[in-house]
Amino acid sequence: MSKLFELKDGSVVVVIGSGAGGGTVANELAQKGIDVVCLEAGSRLTLADIVNDPPAMDAKIGWHDKRMGSMAWICKTVGGTTMRWSGVTPRIQEHEFKALSTYGQFDAGTTLIDWPITLDELAPYYDKAEDKMGVSGTHGIPPSAETNNFKVMKAGAKRVGYKEVTSTRTAINPVARDGRAGCQQLGFCNSGCAMGAKWSTLYTEVPAAEKTGNFELRTEVMAVKINHSKSGQVTGVVYADKAGILHEQKARAICVAGNVVETTRLLLNSASPMFPEGLGNSSDHVGRNYMRHMFAITNAVMPNPVNYHRGTRQSGIILDEQYHKPGRGFAGGYILETLGLDPWNLSNIVGGWGSDNTKFTDKFTYIAGAFVTGEDPPEAANRITLHATEKDANGLPVPVLTYRDHPNSLAMREHSIKMLRELYESLGATEFHGGDVPLGAHNMGVARMSAKAEDGVTNRWGQIHDIPNLFVSDGSVFSTSAAANPTLTIVALAIRQADHIAARMNQKTL
Amino acid sequence: MNDSFTTRRRFIVAAVTLSTITTSLSSPSWLSLSAAWAGSTDDSAAAQTLFTGAARLLFPHDRIPDSVYASVMTNVLAAAANDPGLSSTLQSAEDSLNSRRSQPWVALESPEQLAVLQELQGESFFVVLTETVRGNFYYHPDVWKYIDYPGSSKEFGGYIHRGFDDIDWLPEGS
Ligand SMILES: Cc1cc2nc3c(=O)[nH]c(=O)nc-3n(C[C@H](O)[C@H](O)[C@H](O)COP(=O)(O)OP(=O)(O)OC[C@H]3O[C@@H](n4cnc5c(N)ncnc54)[C@H](O)[C@@H]3O)c2cc1C
Ligand code: SF4
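About the thresholds
- Residues numbered from 1 in each chain as written.
- Chains lettered and ligands numbered in written order.
- Predicted model: local features only at pLDDT ≥ 70, side-chain atom pairs only at ≥ 80, totals over all residues.
- Heavy atoms only, no water.
- Near = heavy atom within 4 Å.
- Polar contact = N/O pair within 3.5 Å; in protein donor to acceptor, adjacent residues only side chain to side chain.
- Areas by Shrake-Rupley, 256 points an atom, 1.4 Å probe, with all protein chains shown as cover.
- Helix = DSSP H or I, 4+ residues; strand = E, 2+ residues; numbered from the N terminus.
- Nonpolar A, V, L, I, M, F, W, Y, C, P; charged D, E, K, R; others polar.
- Buried < 20%, exposed > 50% of the residue type's maximum accessible area, 1.4 Å probe, protein only.
- Pairing = 2+ DSSP bridges.
- Contact = heavy atoms within 4.5 Å.
- Buried area = accessible area lost by both parts, 1.4 Å probe.
- Salt bridge = Lys/Arg side-chain N within 4 Å of Asp/Glu carboxyl O.
- Axes fitted to C-alpha atoms, helices over the stretch in contact; angles between N-to-C directions.
- Parallel < 35°, antiparallel > 145°, perpendicular 65-115°, else oblique.
- Left-handed = near helix turned anticlockwise from the far one by under 90°.
- Phe/Tyr/Trp six-rings, centres within 6.5 Å; stacked < 30°, edge-to-face > 60°.
- Core = buried A, V, L, I, M, F, W, Y, C linked by side-chain atoms within 4.5 Å.

Student: Which residues make up the site of ligand 1, and what are the values?
Tutor: All names here are of chain A. Close to ligand 1 lie 37 residues, the nearest being Gly21, Glu40, Thr81, Val88 and Thr487. Gly80 is positioned such that a nitrogen or oxygen atom in its backbone is 3.4 Å from an oxygen atom of ligand 1. For ligand 1, the protein covers 98% of the area, taking 990 Å² as the surface of the free molecule. Of all the secondary structure elements, the ones that give two or more residues to the shell around ligand 1 are α1 (20–31), β6 (222–228) and α11 (487–506). Grouping the amino acids of the shell around ligand 1 by side-chain chemistry returns 16 nonpolar, 16 polar and five charged.

Student: Provide a residue-level description of the pairing of strand β13 (residues 367–374) of chain A, including the pertinent values.
Tutor: Residues and elements named next belong to chain A. The buried fraction of β13 is high, at eight of eight residues. In β13, alternate side chains face the same way, and those of Ile367, Gly369, Phe371 and Thr373 on one face and Ala368, Ala370, Val372 and Gly374 on the other are all buried. Pairing of strand β10 (residues 294–301) with β13 involves eight bridges; the strand directions are antiparallel. For Ala296, the partnering residue across the bridge sits in β13 and is Val372. Pairing of strand β12 (residues 334–338) with β13 involves five bridges; the strand directions are antiparallel. Each residue of the ladder has a partner; that of Leu336, found in β13, is Val372.

Student: Could you give me a rundown of the interface of chain B and chain A, with the residues and numbers involved?
Tutor: Counting residues at the interface gives 51 residues for chain B, matched by 60 residues for chain A. Both faces combined, the contact of chain B with chain A buries some 4600 Å², and carbon together with sulfur accounts for 62% of it. For the pair chain B and chain A, the interface holds two salt bridges. We note a salt bridge from Asp362 of chain A to Arg63 of chain B, for which the minimum N-O separation is 3.2 Å. Along the contact surface separating chain B from chain A lie 24 residue pairs in polar contact (both at pLDDT 80 or more). Those elements that place two or more of their residues in the side of chain B that touches chain A are α1 (2–24), α3 (41–58), α6 (110–120), α7 (124–138) and α8 (141–147) of chain B.

Student: Describe the pattern of salt bridges, with residues and values.
Tutor: What the rule picks out here adds up to 37 salt bridges over all chains. One salt bridge in this structure joins Glu130 of chain A and Arg169 of chain A, with 2.8 Å as the shortest N-O distance. Of the two residues, Glu130 of chain A sits in helix α4 (residues 119–133) while Arg169 of chain A sits in the loop between β4 (165–166) and α6 (205–212), which places them 39 residues apart along the sequence. Glu130 of chain A gets classed as buried once you look at its relative accessible area, which sits at 2%. For Arg101 of chain B, the salt bridge is made with Glu119 of chain B, and the minimal N-O distance between the two is 2.6 Å. In this pair, Arg101 of chain B is assigned in the loop between α5 (84–99) and α6 and Glu119 of chain B in helix α6, connecting sequence segments 18 residues apart. Using a relative accessible area of 37% as the deciding quantity, one classes Glu119 of chain B as partly exposed.

Student: Describe the packing of helix α4 (residues 66–81) of chain B against α7 of chain B, with residues and values.
Tutor: All names here are of chain B. In the contact formed by α4 and α7, the axes pass within 10 Å of each other and the chain directions differ by 120 degrees. Considered as vectors, α4 and α7 are oriented oblique to each other. Considering only the axes of α4 and α7, their crossing is right-handed. For the pair α4 and α7, contact is made by Tyr69, Val72, Met73 and Val76 and by Thr132, Val133, Asn136 and Phe137, respectively.

Student: Which residues make up helix α8 (residues 343–350) of chain A, and what values do they have?
Tutor: Residue pairs spaced three or four apart in an α-helix point in one direction, given the helix's 3.6 residues per turn. Residue and element names in this part refer to chain A. Judged by how many residues are buried, α8 sits mostly within the fold: eight of eight residues are covered. The complete set of buried residues in α8 reads Pro343, Trp344, Asn345, Leu346, Ser347, Asn348, Ile349 and Val350. Two or three places before Trp344, at the start of α8, stands the capping residue Asp342, its side-chain oxygen 3.0 Å from that residue's backbone nitrogen.

Student: Residues and numbers for the site of ligand 2, please.
Tutor: Around ligand 2, a shell composed of Ile172, Cys183, Gln184, Gln185, Leu186, Gly187, Phe188, Cys189, Cys193, Met195, Lys198 and Thr312 of chain A is seen. For the shell around ligand 2, the class distribution of residues is seven nonpolar, four polar and one charged.

Student: Summarise the sheet that holds β10 of chain A; cite the residues concerned and give the values.
Tutor: All names here are of chain A. Read across the open sheet, the six strands follow the order β4-β11-β12-β13-β10-β16; overall the sheet is antiparallel. The open sheet has two edge strands, β4 and β16 (431–435), and neither has a second partner. Pairing geometry for β4 and strand β11 (residues 317–318), over two bridges, is antiparallel. When the sheet's bridge partners are listed, Val165 is paired in β11 with Ile318. Strand contacts of α8: β10, β13 and β16, with the helix running at about 110 degrees to β10, the strand carrying the most contacts. Across the sheet, helix α10 (residues 407–425) is in contact with β10, β11, β12, β13 and β16; its angle to β10 comes to roughly 20 degrees.

Student: Let's hear about the pairing of β10 of chain A: which residues, and what values?
Tutor: Summarising burial for β10 of chain A: eight of the eight residues are buried, a large majority. Of the two faces of β10 of chain A, the one lined by Met294, Ala296, Thr298 and Ala300 of chain A and the one lined by Phe295, Ile297, Asn299 and Val301 of chain A are each fully buried.

Student: Please give an account of the packing of aromatic side chains that cites residues and values.
Tutor: All names here are of chain B. Tallied over the entire structure, the rule returns 16 aromatic pairs over all chains. Centre to centre, the rings of Tyr69 and Phe137 are 4.9 Å apart; their planes meet at 25 degrees, and the pair counts as stacked. Here Tyr69 is found in helix α4, whereas its partner Phe137 is found in helix α7, with 68 residues between them in sequence. Phe137 carries the same exposure label as Tyr69, and that label is buried. Considering the side-chain rings of Trp144 and Tyr149, the 5.1 Å spacing of their centres and the 90 degrees angle between planes classify their relative orientation as edge-to-face. There is no split in this pair, since Trp144 and Tyr149 are both buried.

Student: Can you explain the nonpolar core? Please cite residues and give values.
Tutor: Counting residues in hydrophobic clusters, the biggest one holds 87 residues, and the most contacted among them are Val152, Met302, Tyr334 and Tyr424 of chain A together with Phe51, Trp105 and Phe137 of chain B. When residues of this core are assigned to their parent elements, the largest contribution, eight residues, is made by α4 of chain B. Formed by 60 residues, the second largest nonpolar core is a distinct cluster that contains Leu122, Val237, Val286 and Leu493 of chain A.

Spelled out as structure tokens, the structure:
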């Protein structure tokens, strides 16, 4: 049963955020008998609250506090953005962990490093993460059912000579498993899964943690500042409750998992005389090296109906382009994935107005669609900062997101769009649209793991280099972006981090 | 691109507000609602005609009758009655459209109306107008009927038994 901890109880680990990273690290710690208080800014929904109405769901789960600059499409709700995600879960490849060694530095603006960990080291945690999340095609779980949209992609892939085409690697139950239903092909995955078939921490990690009796979730509370002692150890988290009243929860250790933008804001907003530039920022890396993948979306009008709104938004991928093949004119690789949209999404992504736009929506049932995610080099100038004067409703400085695509990403996007055009035209597509989609859905960097303290913010365990009991447990710790959708790696790293925290507690070094 | 996308995304929120507002009003008549926005019945009828025409040119679908465009714009005008920002955007849209030629915009031939829209597409009100119409239009169930989009599927058990994998025209062996 859910437990209640006292504010002054400094023996607990405080986890900030209940999404992919926070929900996982909290549950893993609770399973090991460690007391955890999880602070979550959003409210707690049940499956019955999930309706197939994207604007209504956006009102319930979206993050609507003020932000400036590039957008980040993330959630404020128990479960975080695992309520909105699509569930595509490929692993990062070996060479991608060694980005600098493999690609070399691109130019004076990029800041590539190698990860301080290898694939070998993370592989056992990938196994655990896939099992926990129920990734199709792993651990005896069948592949995901092939939707019409995937069948079109697969047929086109064959025509253009792609070999690695698979409907596995999605954290959506093809069949009921582990207390979660099988996918009913509702088709509204990005507005919450009303079946609970798609992995979300709302109905997996959070209730599992509550069952241990070592875990308390506090909802609708916003962490605003982390306090520390004279010796430079963190001691507690100040948070605002629903009424705006501030409280401090004392802590033995703190794990921050607010999803990149909020993780940056919390670290920077916790500046003190001892850490004048913010926590973990003695290297001036907090907020920098912000990555969000090279994204592209294509929509093709096919000669016959596809009905891509039917069934999972994303449940099949092509891996042939994920490798580093510099002959294509760019470093790193990308993954091609199916993507189905609703009419508003389609109109919005094609952009513009008039018949150039409606020639797609007019043929809504004939559209086949794809999404591309690719390696995004870190750049010091791609960064999240706090606005000097603008404040939000909580009195917190407004985050400012500065992001541009590197020329490598522009070349990669062009290549991926050309390949998808060939793929769909090989099956007779009559209209084709491909373009950028600056969503900020995959957020990474800003507190990256680095072997040397001066190159990053956190060490190989996601611990802030100069603060022994402060950890970062979300995509902020990615040293480089790789091509893969990030969440499987976030979860694998969170499981690994929980092992590390528990081991240090046993050794009495935490 | 980033910034314009951010602006575009924001209108999804506008669409939410609009649907909330319109469903909370009992059987809204466009006349009284847009009267609340424009101040007088004559003005509001003119606004309704103008924006219905603009909506059709912004998102033209031959199969969709004018009555559907009209009902979408009724919702938008109703929302504007409670949203000073949107209301002033619509006012600038109306003023700009009407002042580009010697005749009011609604009196122009369709190609000329389109030309005026093209001339104005860089203006900030135009972006707000387009995205407000886009959100309200493509989330309107009457529109879905004409483009064969069925909307919510949860109450029908999803598509697992309703054709998520029924495609039959792909080349053999794929
Ligand atoms: C449309 C969409 C599709 C996606 N599809 C995929 C996919 O197919 N595959 C994939 O790998 N990834 C996908 N992603 C990305 C995936 O959702 C994220 O990588 C993942 O959710 C990040 O986990 P997180 O723990 O960092 O953050 P989140 O899951 O966003 O959780 C952060 C939580 O912290 C809370 N929080 C933040 N700040 C505070 C604070 N100060 N105090 C208290 N609480 C706070 C938030 O409310 C939130 O609940 C997708 C994202 C989107 C938007
Ligand atoms: S298609 Fe499957 S995963 Fe997506 S919302 Fe429906 S049941 Fe959930």
